[in-house]
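Below, each chain spelled out in residue letters.
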Amino acid sequence: MTKMSDEEIAAAGQVMSDSEREENLNVIQRLRQNDVPVLRRTGDLLASAEAAADANARERKDPWFDLNERLGDAIKYEMDDVEDLKVLIEKVGGPPPQLVKYADNSRGYVLRSEVIGMAISNERLERMIDRRAAMEDKGREENRKECVRKEMAKLENPIKEENDLAEIEELARKREENWMRGIMDIEGRSSQYNEAMKEEQKEYDEKRKELLKQWGGEGSDDDEVEYIGAQAEFVDKTMKDFVTDLKRMNNMFEDDEDDESGLAVGDDIAPEETFADSKPMSKAAQARAEAMKNDGSGRPRLPGDPDVTKGELAADVQLNESSTSTTGPLTVEVSSAYNTENSDPPMRKHCFQYTVRITNNSDSDTVQLLSRRFEIQTVGSSMKDVVQGEGVTGRQPVLQPGEVFEYTSTAPLSVRPIGTTEIAARMSGEYRYCILNEGQEKASDEQVNKGQGEAGAELATFHFVFPEEQRVKPVRPSEEDDDEDEEDAVKTTTVASAAPAATPTPPSAKDAATTTSSSTPASSLPGEPDMISGNISTPTPNDASDTLTSDVRVVVTSTYRPERSDAKLDKHCFAYNVRITNESKSDQSIQLVSRRFEIQTVGSANKDVVQGPGVTGRQPVLKPGESFEYTSTAPLSVRPMLDKTKVVARMSGEYNFVQLADDGKTPMSSTPLKAELGAFHFILPE
C-alpha cells in the first residue's frame, strides 16, 4: 500500500467506522501481544514474520497510527509541525475508541506501549529493578562518568579502517546466512520439543510473578497498566541520560579526517565472479554437490523438472501466475504477484507474494487443515526445494461448510532472469486435512496422524513470473546492421543470451579453461600512473567500450547503482552489462572457456586481477551471429578524488575461447584464442 501524503489524508479523512477501528485495533493487539512472540519462541520464524506483516498492514489502514508516531517525534524533538499533525489527527477521527483514555495526557500523544497494550517482559522488569536501585545509589553519577571516560579512551585508539571493513563484511555475510536459514527452517517441532516449550513457559510465568512482587505489585494482571506507565518513564529517563553523555563526548571529540586516497578493491568484483582454479564441474556434478550441501539443513530436495532447469518451457505449457484445483470437499485457489518493494535485482534477490484461498464446498462436513507441503523450483536449478510444516501460517484452521480461509505469504527467491523464459520459479503442493465428526472441535491424534491427516487437497502448479522490466530481452541487430550485413553478403542472427547455458563442455575445452586460469595466478599487478595520481590521461573517460578481436565482438556498458552505494562509507556499487557476439563470416562456432579482468581503483598503486573458468559459471557455445549477454555488479570500496576526476575505477580484460569443428562440439585446438574486453571506466554521476 502506497503511503498517503498529508494532503491526501486531509482530503480522505477516516474511511473506517468506529466499530471497524475498534475491531482492527483488537486484532493488532492480539497479533503483537500473542501471535508474534509465541511463534518466535516456538521457532516458526516464517509464520512470525507473516503475523507481524499482517499487523503492519492493519496499522496502515488507519492513518491515525502513523500520525500519532509522527506527533510523538515532533513533540519530543520540538519540531514545527506539531499543530498541523494535531489538525490531521482530528480529521481522521482521533484515536480508536479504546485509546481515547490515553490521548488526554500532558504528553500530547499516545505511547506505543499503550497502543499495543504490551506487557513488560521478565528481562525488562529485571533491568528496570536494577536501574531503580542504581538511581538510588549516590555513586551512580561517578560510575556513569567512568563509563564515559572509558568510551573516550576507545575513541583515542580507533581500530584500523581495514579491520572495520572486514568485520562489517563478515557480520553482513553471517546476518544474511542466518536470515535465510531461519526463513526456510519451518518444519514442525516434535511433541517432546512442545512439552519442553510448555515447561519453559511455566517457568517464565512463575518468574514473572516474583518480579512483579519485587517491583511492588501483587503479581496480578490488574497491575499491568501501572507497569506500562513505569516502563515509559524508565525508558525516557534512560534515553535522556544517553543523550547527555553523547553530547558530552561529541563536544570533547575532534574529528580527525583520514586523508588516505582510497581503499583497495575487494577480492571479487561480484559474488558470481568467484571461481576456484579447478576445472568446472558438469551439470550433474553441480546438482549432486548442491544437494549434498543442503542435506544438513533439514529441508529435503527432489530432482527438478527438466524444462525449468533448462529454462526452455514447452509451447503447450501455460505460463500461469494462478491456479485453481478442487480435491474432495476443498477448492484451493492461488494467485501470485511480483513484490518490487522487497526485491533487489542487482543482488539476484526477487520477492514474490502469493495469496491462497481455501474453500470448504461441502454441505455437511467440517474440515480442519493440518499441514502443508510445497515444491518450489527456480529457473536454472536442477533441484526442487521442499517446504513443509504443521498448519498454515502457524494455525490449523477449522472450516465449517461453505467457509473460506485465505492468507498471503511471500517467496524470497535468489534467481537470475534468463532470456528463454519469463518465469522465475514453479510451485505446487498440497494441504493435508481431516473431516471432523459432529460436535468435534478439533482433530484427534489419530486423525492428525503425524500431520498426514486423512486426505490431501492439491495446490495446482503455478509460476512466479518476472515483470516486464526484469526480463532479459534478446538483443537483435538494428535495420542498419542488417543493411550492412546484406552488403557484405553475410547473414547474422543474434539470439537470447541464456540459451547456450545448457550446452555441455567438451573435454578439450575444459583443458583449455584450466590451462588459462592457471597460467596467470597473480592476484595483483602494478597500477597505471594516471589512475594512481587521479590525473586521468583520457580527456573524456569512457564508461563503455566496443572491441572486435578475432571475429569476436565484446561490448560493455556500465551504470551507477545509488541504491547499493553509501558515499559516506566510501562504498560505490556499479553494474556492468557485457554482450559477446560471434561475428565470424565463415561457419565457425566458438566456445567461451574462461575470462580474466584487471581492475584498478583511483589512488590505488595496484590492479586487482579476477580470473576463472567460464562466464557466470557457464561455458556457452556461440554459432556465427549468436550472442551471449550477462549483467554483473562491481561493489567498490574507494575514496573518490572529486577535485580531479569523477572516475573511481578502470577495468579491462579478455575472454578466452576455442574454435569448434563442424560437429559444434570438438575443439580444433587446445590453445585458446583471446577476445579483448576494451578498457572502460566506472564514473560517478553528476
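Residues numbered from 1 in each chain as written. Predicted model: local features only at pLDDT ≥ 70, side-chain atom pairs only at ≥ 80, totals over all residues. Heavy atoms only, no water.

Engineer: Just checking my understanding: could you explain the overall build of the protein chain for this structure?
Structural biologist: Per the secondary structure count, the protein chain includes 18 helices and 20 strands. Here the protein chain, with 686 residues, has 42% of them falling under the buried criterion. At a minimum sequence separation of 6, the contacts of the protein chain that also span at least 24 residues come to 76%. When the accessible area of the protein chain is evaluated, it comes to approximately 38100 Å², of which 49% is carbon and sulfur surface. (Helix = DSSP H or I, 4+ residues; strand = E, 2+ residues; numbered from the N terminus. Buried < 20%, exposed > 50% of the residue type's maximum accessible area, 1.4 Å probe, protein only. Contact = heavy atoms within 4.5 Å. Areas by Shrake-Rupley, 256 points an atom, 1.4 Å probe, with all protein chains shown as cover.)

Engineer: I'm lost on helix α2 (residues 18-41) in this one. Help?
Structural biologist: Residue pairs spaced three or four apart in an α-helix point in one direction, given the helix's 3.6 residues per turn. Under the 1.5 Å per step criterion, the end-to-end length of α2 is 34 Å for 24 residues, consistent within 8% with the ideal 34 Å. Of all the bends in α2, the greatest measures close to 40 degrees and is centred on Leu-31. Of all the positions in α2, only Arg-21, Asn-24, Leu-25, Val-27, Ile-28, Gln-29, Leu-31, Arg-32, Val-36 and Leu-39 are classed as buried. The secondary structure elements touched by the buried residues of α2 are α3 (45-61), α4 (64-76) and α7 (112-116). Following α2 by one or two positions, Gly-43 adopts a phi angle in the positive range, close to 90 degrees. (Expected span 1.5 Å × (residues − 1). Bend = angle between axes of the 7 residues up to and from the residue.)

Engineer: Would you take a moment to explain the nonpolar core for this structure?
Structural biologist: One broad rule of soluble globular proteins: the nonpolar side chains tend to lie buried together. Core analysis: the largest hydrophobic core is formed by 35 residues, its most contacted members being Tyr-354, Tyr-431 and Phe-464. Mapped onto this core, the elements with two or more residues apiece are β3 (330-344), β4 (349-360), β5 (366-378), β8 (404-414), β9 (423-436) and β10 (455-465). Those residues in contact with Tyr-431 that lie beyond four places of it in its chain are Val-332, Val-356, Ile-358, Ser-371, Arg-372, Phe-374, Val-392, Tyr-407, Ala-455, Gly-456, Ala-457 and Leu-459. The next biggest cluster of nonpolar side chains, apart from the first, holds 34 residues, and it includes Val-552, Leu-622, Val-638 and Met-651. (Core = buried A, V, L, I, M, F, W, Y, C linked by side-chain atoms within 4.5 Å.)

Engineer: Explanation requested: the side chain of Thr-547 in the structure shown.
Structural biologist: Mapped onto the elements of the fold, Thr-547 is located in strand β12 (residues 544-549). Within the structure, the side chain of Thr-547 is placed 3.4 Å from the backbone nitrogen of Gly-678, a separation counted as a polar contact. Apart from residues lying up to four places away in sequence, Thr-547 is in contact with Val-552, Arg-553, Val-554, Glu-676 and Gly-678. (Polar contact = N/O pair within 3.5 Å; in protein donor to acceptor, adjacent residues only side chain to side chain.)

Engineer: Hey, could you run me through the pairing of strand β14 (residues 571-582) in this one?
Structural biologist: Along a regular strand, successive side chains alternate from one face of the sheet to the other. With nine of 12 residues buried, β14 is to be regarded as a mostly interior element. Pairing between strand β13 (residues 552-560) and β14: nine bridges, direction antiparallel. Bridged to Thr-557 within β14 is Asn-577. As defined by bridge partners, β14 adjoins strand β18 (residues 627-637) across 11 bridges and the pair is classed as antiparallel. Directly across from Asn-577, in β18, lies its bridge partner Thr-631. (Pairing = 2+ DSSP bridges.)

Engineer: Can you help me understand unusual backbone geometry in this one?
Structural biologist: Peptide bonds are mostly trans, and most non-glycine residues show a negative phi. One non-glycine residue, Ser-550, lies in positive phi territory at about 55 degrees. Counting through the fold element by element, Ser-550 comes out in the loop between β12 and β13. Overall, Ser-550 belongs to the partly exposed group, its relative accessible area being 45%. Residue Asp-551 is not a glycine yet carries a positive backbone phi of 65 degrees. If you trace the backbone, Asp-551 turns up in the loop between β12 and β13. We classify Asp-551 as partly exposed; its relative accessible area is 37%.

Engineer: Would you mind showing me how to read the sheet that holds β14 here?
Structural biologist: In any sheet, the strands associate via hydrogen bonds between backbone groups, in a parallel or an antiparallel arrangement. Overall, antiparallel pairing links the four strands, which are arranged β12-β13-β14-β18 in an open sheet. On the outer flanks of this sheet lie β12 and β18, each paired with one strand and no other. Each strand axis lies, on average, 15 degrees off the axis of its neighbour in the sheet, ignoring direction. (Axes fitted to C-alpha atoms, helices over the stretch in contact; angles between N-to-C directions.)

Engineer: Looking at this model, I keep getting lost on the environment of Asn-535. Mind explaining?
Structural biologist: Mapped onto the elements of the fold, Asn-535 is located in the loop between α18 (529-533) and β12. Remark: the alpha-carbon pair of Asn-535 and Val-647, spanning 112 residues in sequence, is separated by 9.8 Å.

Engineer: What is the right way to read the environment of Leu-622 from this model?
Structural biologist: Tracing the backbone shows Leu-622 in strand β17 (residues 621-622). On the basis of relative accessible area, Leu-622 is assigned to the buried category, the value being 0%. Taking the C-alpha atoms as reference points, Leu-622 and Leu-660, 38 residues apart in sequence, are found 9.7 Å from one another.

Engineer: Which parts of the structure should I look at to understand the sheet that holds β8?
Structural biologist: Strands sit in the order β2-β3-β4-β8 across an open sheet of four strands; the sheet is antiparallel. Two strands lie at the open edges of the sheet, namely β2 (322-327) and β8, each paired on one side alone. Averaged over all pairs of adjacent strands, the angle between their axes in this sheet comes to 20 degrees, without regard to strand direction. Both β4 and β8 contribute to a ladder of 11 bridges, which runs antiparallel. Paired with Arg-357 across the strands is Glu-406, a residue of β8.

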